[in-house]
Amino acid sequence: MSASSHNDRLQWLQGPGAGVRPDNRVKCSVVPATGKNPWRLVLLGAPGVGKGTQAELLTQRLNACHLSTGDVFRAAGKLRECEQSNAMKAALEFMRRGELVPDATVWEMVCERSHCLLQCGGFILDGFPRTIAQAESLRKLMEADHIALSAVVNYELPVSEIVQRLSGRRTCEKCKSVFNVKERPPQVEGVCDRCNGRLIQREDDRPEAITVRLEAYERSTAPLIRFYENLGLLVPVVAKGTPDEILARTMEKMHELAKSGGK
Ligand code: AMP
């Protein structure tokens, strides 16, 4: 990632609410190479299916803006208090309690970045929307600007494989790099390849917590899947294979939908 795109991403994460006056907003300069018919995507998928990895790969491939609401909240947590908008402060309280942030707070935070959603000519939403109310708010915002979603990609994997993936996941304490004891082991057991930090298993990656997380995901996302299916936007993608194979499958399915008139 170049220094300038890194800066753009920081601005995108912080948003105008984080100390930037509305009349002096940073313009999102992560503009897609071909701005005529850009991709506007929502990614869905249970924890552990590799949605974050695909979001990064799709962002590079499509040169689009990537908005992960979870990333925004985590970045907000690292800002000094005076740099945090009120929406961010409220969101952090919910996150700390391990709860979903209420729709109104999430929406306020997304609205702080709506100029990017509407101006960039393409985006990838990762972790948003998570509820029907959020999906409805997004639809209204886009309709008001005469734009529409291109596709909603739903990454699918059997529960048994998700549990295996998540329980094998190890995260670097220092740089947060992610490894897997089976699929992507580090060169030295328990030590990060990048920074020599200690690899740990996240509390919520333990088998008993995984089941609870998957059930919660299923409950909140099943209605969203039906919502987007009814709009003819859903693109189911099997999340098996290497990240590049899954990316290729995603692009193929997206183009199929586009050809059939979805985009
Ligand atoms: P994630 O990285 O997407 O799993 O998000 C991490 C945390 O951020 C979640 O556990 C929620 O507390 C909060 N969060 C992120 N996106 C949303 C959203 N769209 N709606 C509600 N809470 C969210």
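Heads up: the structure comes first, above all this text.
Worth saying up front: this structure is predicted, and the values here are computed from it rather than measured. (Residues numbered from 1 in each chain as written. Predicted model: local features only at pLDDT ≥ 70, side-chain atom pairs only at ≥ 80, totals over all residues. Heavy atoms only, no water.)

Side note on the environment of Leu 231
Examined against the element boundaries, Leu 231 turns out to sit in the loop between α9 (207-230) and β8 (234-238). Along the backbone, Leu 231 and Val 152 are 79 residues apart, and their C-alpha atoms lie at a distance of 9.9 Å. (Helix = DSSP H or I, 4+ residues; strand = E, 2+ residues; numbered from the N terminus.)

A short note on the environment of Cys 192
Among the structural elements, Cys 192 can be located in the loop between β6 (178-180) and β7 (199-200). By relative accessible area, Cys 192 is classed as buried at 1%. Sequence-wise, Cys 192 and Glu 173 are 19 residues apart; in three dimensions their C-alpha atoms are separated by 8.8 Å. The residues contacting Cys 192, other than those within four sequence positions of it, are Cys 172, Cys 175, Ser 177, Phe 179, Gly 197 and Leu 199. (Buried < 20%, exposed > 50% of the residue type's maximum accessible area, 1.4 Å probe, protein only. Contact = heavy atoms within 4.5 Å.)

Structural notes on the packing of aromatic side chains
Across all of its chains, the model carries two aromatic pairs by this definition. Seen in terms of ring centroids, Trp 107 and Phe 128 are 6.2 Å apart; in terms of plane orientation they differ by 20°. Their pairing is stacked. Residue Trp 107 is located in helix α5 (residues 103-111), and its partner Phe 128 is located in the loop between β3 (123-126) and α7 (132-144); the two are separated by 21 residues in the primary sequence. Consider the rings of Phe 227 and Tyr 228, whose centres lie 5.0 Å apart with planes at 85°: the pair is edge-to-face. Directly above the aromatic system of Phe 179 lies the positively charged group of Arg 184, at a separation of 5.0 Å from the ring centroid. (Phe/Tyr/Trp six-rings, centres within 6.5 Å; stacked < 30°, edge-to-face > 60°. Lys NZ or Arg CZ within 6 Å of the ring centre and 35° of its normal.)

Quick look at helix α4 (residues 86-96)
Taken residue by residue, α4 has Ala 87, Met 88, Ala 91 and Leu 92 as its buried positions. The arc that holds every buried residue of α4, seen down its axis, measures 130°, which confines them to one face. Residues of α4 that are exposed and angled more than 90 degrees away from the buried face: Asn 86 and Arg 96. (Arc of directions from axis to C-beta.)

Looking at the sheet that holds β7
If you trace the three strands from one edge of the open sheet to the other, you get β6-β5-β7, paired in antiparallel fashion. On the outer flanks of this sheet lie β6 and β7, each paired with one strand and no other. (Pairing = 2+ DSSP bridges.)

Brief notes about the pattern of salt bridges
Scanning all chains against the criterion turns up eight salt bridges. The salt bridge involving Arg 139 is made with Glu 143; its shortest N-O contact spans 3.1 Å. Of the two residues, Arg 139 and Glu 143 are both situated in helix α7; the distance of four residues between them amounts to about one turn of the helix. Exposure remark for Arg 139: the relative accessible area of 32% places this residue in the partly exposed category. Between Arg 165 and Glu 183 there is a salt bridge; the shortest N-O distance is 3.9 Å. Linking Arg 165 in helix α8 (residues 159-167) with Glu 183 in the loop between β6 and β7, this pair joins segments that are 18 residues apart in sequence. Judged by its relative accessible area of 16%, Arg 165 falls in the buried class. Here Glu 183 falls in the exposed class, since its relative accessible area comes to 56%. Here the residues in one salt-bridge network are Glu 136, Arg 139 and Glu 143, joined through shared partners. (Salt bridge = Lys/Arg side-chain N within 4 Å of Asp/Glu carboxyl O.)

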